[in-house]
Amino acid sequence: LGWYAAVFDNVDWAARDKVLSRKPDMFRMWVFKQSSGFISSGKNMRRWFGSDHSQCPNCGKEDEDAQHLMHCPDPGRYALFREEVQKLTVWLEMNHTDPILAKIISRYVMTRGSSRLADFHDVPPEYYKFVYEQQLIGWDNFLLGLITSSLRPLQHCHLLGSSSLLTVDDWLTQLINKLLHITHGQWIYRNISKHHATLGMIRKTERRAMLLEIDRLAQLTPEDVPEDSKFLLEIDFSTLRYADTSTQNYWVHAVKAAVVTGSRRTFLQRRRQTSTSSGRGQQSSISPPIPHSSNDTRPAGPTVLGKHSRHSSGDILDGSNKRRKPD
């Protein structure tokens, strides 16, 4: 977090730990990732996995990081934020919150970090410590449930003088839940905008890429595909552009397969032609064997049968070429 030790010690960790202990594991993991900046933002997804989509799915800001989550200027995101802050304001009023604290908290949350707590000049002196310490913790961390421990005694004193049955621990638990709910709502909105099956940013990007691929393949000529696949180029492309994704995918893959098949057939045909031509050339270059003349009376040479050979007269020649009678 980059805090000094004094700032770290000012956080009411026990209050937030109590809230998170009742949350599912995945929610706690999300809080820790968002707090540390290791959330699956566009910037991190590009750095970790080489993603093509690093921009915010709502406002289009490049290299979307964890801090951008609560500062996105998208009108839809801002409308959701205002709605949740209004709910927080109503809750503060209905649950015996110290009036000064209720005003400070509502104003501070609504600024979205654009103003400092120290700039609120109408704060009574007894709240200075709370204002100063919470300012050091920061607005983004406040929306993640990190509140200064100096908030507890201020609200505790007010509850003691009210008719509420709430304890300060219960009040802090509900406040932190409300703050976390505001931040998590922005995360859910952002993810739906990016990953929705038909309206999400990724799906829209994929659809644009699909239309570009259809336009490219539409430029093919009938000679580019085999005879039995020419019907693929006879489709009504104006209808295909507005067809469902599965139909477009089928056509694109079918045309690509046809092009590959045609290229392979052409390659094999050329290779066979080359082999046939080279084979004929080799046969024409080989001289035919010269037959023996019919007048040639020279006896044929003996056939070697290993160690001994048999002469045409029936005698056997041994290894020293001496003739001997057969046994």
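Everything numeric in this text was worked out from a predicted model, so none of it was measured. The written sequence of each chain sets the order in which its residues are numbered from 1. Confidence filtering applies because this is a predicted model: local features only for residues at pLDDT of at least 70, side-chain atom pairs given and counted only at 80 or more, and all residues used for totals across whole chains, interfaces and linings. Note: side-chain values were computed over all heavy atoms of the structure, leaving out hydrogens and water.

1. Some words on the overall build of the protein
Here a helix means four or more residues in a row that DSSP labels H or I, a strand means two or more in a row labelled E, and each is numbered from the N terminus. Looking only at helices and strands, the protein has 13 helices and three strands in total. Exposure classes here rest on a 1.4 Å probe applied to the protein chains alone. A residue is buried below 20% of its type maximum, exposed above 50%, and partly exposed in between. The buried share of the protein, taken over its 327 residues, is 36%. Within the protein, contacts between residues separated by at least 24 positions form 58% of all contacts whose residues are at least 6 apart in sequence. What sets the accessible areas is the Shrake-Rupley method with a 1.4 Å probe; for residues, cover comes only from the shown protein chains. Of the accessible surface of the protein, which amounts to about 20,500 Å², a share of 56% is contributed by carbon and sulfur atoms. Contacts are assigned to residue pairs with any non-hydrogen atoms lying within 4.5 Å of each other.

2. Let's talk about the packing of aromatic side chains
Ring pairs are drawn from Phe, Tyr and Trp, using the six-membered ring of Trp, whenever the two centres fall within 6.5 Å, and their geometry is named by plane angle: stacked under 30 degrees, edge-to-face over 60, tilted for the rest. In this structure the tally under the stated criterion is seven aromatic pairs. Considering the side-chain rings of F27 and W30, the 5.5 Å spacing of their centres and the 50 degrees angle between planes classify their relative orientation as tilted. With F27 and W30 both in helix α3 (residues 25–36) and three residues apart, the pair spans about one turn of that helix. Residue W30 is classed as buried on the basis of its relative accessible area of 5%. Here a set of aromatic residues connected by ring pairs shows up, and it is made of F38, W48 and F49. Charge-over-ring placement is defined geometrically: NZ (Lys) or CZ (Arg) within 6 Å of the ring centre, and within 35 degrees of the ring normal. Here the guanidinium or amino end of R107 rests over the ring plane of F120, the centre of that ring lying 4.1 Å away. The aromatic ring of F81 is capped on one face by R112, whose charged end is 5.0 Å from the ring centroid.

3. Quick word on the pattern of salt bridges
The salt bridge criterion pairs a side-chain nitrogen of Lys or Arg with a carboxyl oxygen of Asp or Glu, the two atoms within 4 Å. Using the criterion set out here, one finds ten salt bridges in the structure. Taking the shortest distance from any N to any O, the salt bridge between D122 and R107 comes out at 3.1 Å. You can see D122 sitting in the loop between α6 (99–110) and α7 (128–137) and its partner R107 sitting in helix α6, a full 15 residues away along the chain. Residue R107 is classed as partly exposed on the basis of its relative accessible area, which comes to 33%. Sharing partners across several salt bridges, the network here consists of D12, R152 and D169.

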